[in-house]
Structure formats: C-alpha cells, structure tokens
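Coordinate analysis (summary)
Each chain is listed here by its residues.
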Amino acid sequence: MTIRSLAVPPTDPEVDAWLAVLAAAAATDLPQLPPPSRVEVGGRLRVEPARGRAACWAAEDGSAVAGLVLFTDEANASTAFLDVLAVHPDARRRGVGTALWQRVREELLADGRTSVSTLVDLGGPGQAFAESLGFENVLPMAWYVQDVTQQQPPQPQEEEPAPGYELHTWHGLTPDDWTGPLARAHGAMEDAPMGDVDEQMETWTAHKLHAAQQLILDRGGEITTVAAVTPDGEVAAYTELVLPDPAGERALQYDTAVVPAHRGHGLGRTVKRHMRALAARRHPALRQIATTVADENTPMRRVNEALGYRRERDAAYFQLKL
C-alpha cells in the first residue's frame, strides 16, 4: 500500500478525493449527521492550524486519509493530535488503516513526540481501531445537540443578563479593545476537566485569540462571540459559535466559560440562550448546534440540559503513549 503526503497546498483533485473518503465513512458510521462540507474540508487542508504544524497523507488509491497536528507551543512540544484517520468502507479490513497509521507513527517518532491523542466516537469502528493500536480512553465525553428549529423563541427577559452585566456580540474578529479582556476570560477554561490528556491548556493572549478567530475565517467559516461584560470592561462570561460552512445546517458551540468570580448569576445560560436566538435569526439554514462536554463537567451539562440540548452520542479523547 503506497502512502503519499498531500501537496502543500493540496490540489482541487486531492481535496475532492479527501472529501470522498470522509463522506463515505460518515454515511456508514454516522448516517444521522449532515455530510461533510467541501468548504470545511478544503479550508482545513489548505490553511495551517494556528497552534501547530499539519501533516496530511492519503493512500495512493484514494481509499484512506489521515491528518495530524504537531503542536508548536513549548508546553505541548511532546504531544500531538490525530485530527482524522478515515478509511473508505469498501476498503476496510484490508490493512489500509494500519498502513496509514504506521506512516503517522513514523512522523510522530521522527518529530520527538511521546504521545498522541484523538477524539473518537464510542461504540463504532473508530474505537475498535484505536484500541487495537493501544490507544486508551482518557477523557469520556459526549456530543450534545440542540435543535434550533424546535426551540421556542426566548422571551426578551430571558435574554437579559443579571443586573450589573450587559451583553456584547462580536461577529468575526473581536474588536481590539476587547481582545485583552476576552483572552483573560478564556483562562476560566483552565478548570475544565481534561482527564489524563497530555495536551496542556494554552495561556491565552490577545494575539492568540485573534489568530484562532482568523483561522476560522481563513478556512471559510464564521465565528460569533457573545459576552457578558461588566461596567468596568471585564468579560465575565462568554460563548463562541462557529459555522465551519456558513451555508451548513450544523454549527459548533466552541468554548463557553464563566469567570469564577462571576459564577452563580446564570451567565452561562444567558450567553448561550442569546447565542441560540441570534444564530437562528442570522442563519436561516441552521438546524442544529452541537457541542462536546466531558462527562465529569456536571455544571456545563446542567446548563445544556436547561437549554434543551440532548445527548447525541458518546465520545472520548483517546491517547497513546509512544
């Protein structure tokens, strides 16, 4: 089995071949989800991640693909993230996935990495394959989904934050005046459960915040941030919604966090509720908002339940020590 690296940037035929593998795998393994979008797939292949160096491979016959992110920040110089390893259903159980993994493993070892993690849907072929390679479940979680079309429009008072706070909404890049306060609020994610994952939370700065947002835009997506702020300019809580494809029917809820000093005022529910209403008005094609939450993150699971999210499927971070 011949494994080759993708061109940088990949050609249109390479993007199409990559998309074909992902679409066929998704139709078999996750038929309840919308098919992958070419906008999202092309963007991820053509625009380097903000936090690392990407390496991508494909089987010569077009039957399998793999993508790896090698982190470049000092805290994560020994680990990496396997973004995707997918085999066309017609080519499974022929050693294609194993051959592709061997090429990924060679890259990891050559780059001095001592561990690699990946996000796996539980109960399917991905879990079985990961476990056969020695990966272990280090952070159980689940995908939760909210049906935007069936939600009752919130009442005006439901979108109002607690006294002493007001809501700000930013589409695309956060205004410069707010990047510092929002970056500091991202620090509230440091107490989010991470299980035994080797990957370390990065320390957010205004520059890193804009780089992460710009990456989404450069890849063809949209990002909206809703923040609850104080009169003295502090971001007390925020949530981020990303549409990898602005024309798609499924959005991703990125981080939602409440700064510890401002917890207990319902701000997490408020920013997420406001985001849902805003997204429904702004994106008529939108049908669902999906997010992942660690099983041990009880406070966020309660917030999601109160907002009408339902548990869609089990997942987990799996990790392998090299």
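In short, a report on the structure.

Definitions and limits used
- Residues numbered from 1 in each chain as written.
- Predicted model: local features only at pLDDT ≥ 70, side-chain atom pairs only at ≥ 80, totals over all residues.
- Heavy atoms only, no water.
- Salt bridge = Lys/Arg side-chain N within 4 Å of Asp/Glu carboxyl O.
- Helix = DSSP H or I, 4+ residues; strand = E, 2+ residues; numbered from the N terminus.
- Buried < 20%, exposed > 50% of the residue type's maximum accessible area, 1.4 Å probe, protein only.
- Pairing = 2+ DSSP bridges.
- Right-handed = clockwise from strand over helix to strand, strands pointing away.
- Phe/Tyr/Trp six-rings, centres within 6.5 Å; stacked < 30°, edge-to-face > 60°.

Using the criterion set out here, one finds 21 salt bridges in the structure. Asp16 is paired through a salt bridge with Arg38; the nearest N and O atoms lie 2.7 Å apart. Placement of the pair is Asp16 in helix α1 (residues 12-29) and Arg38 in helix α2 (residues 38-46), with a sequence separation of 22 residues. Salt bridges here are not isolated pairs; linked through shared partners, they connect Arg53, Arg103, Glu107, Asp111 and Arg113.

This paragraph deals with the pairing of strand β5 (residues 115-121). Of all seven residues that make up β5, five are buried, and the element is covered over most of its length. Pairing geometry for strand β4 (residues 79-87) and β5, over three bridges, is parallel. Along β5, the bridge assignment pairs Ala80 with Val116. Read as a crossover between parallel neighbours, the route from β4 over helix α3 (residues 96-110) to β5 is right-handed. Of the strand pairs in this sheet, β5 and strand β12 (residues 310-321) are connected by seven bridges, and their pairing is antiparallel. Bridge assignment links Asp121 to a residue of β12, and that residue is Ala315.

On to the packing of aromatic side chains. Following the criterion strictly, the structure yields three aromatic pairs and no others. Taking the centre distance of 5.6 Å and the plane angle of 65° together, the rings of Trp101 and Phe135 count as edge-to-face. Of this pair, Trp101 sits in helix α3 while Phe135 is found in the loop between α4 (125-133) and β6 (136-147), placing the two residues 34 residues apart along the sequence. Residue classification places Trp101 among the buried positions, given a relative accessible area of 3%. By relative accessible area, Phe135 is classed as buried at 5%.

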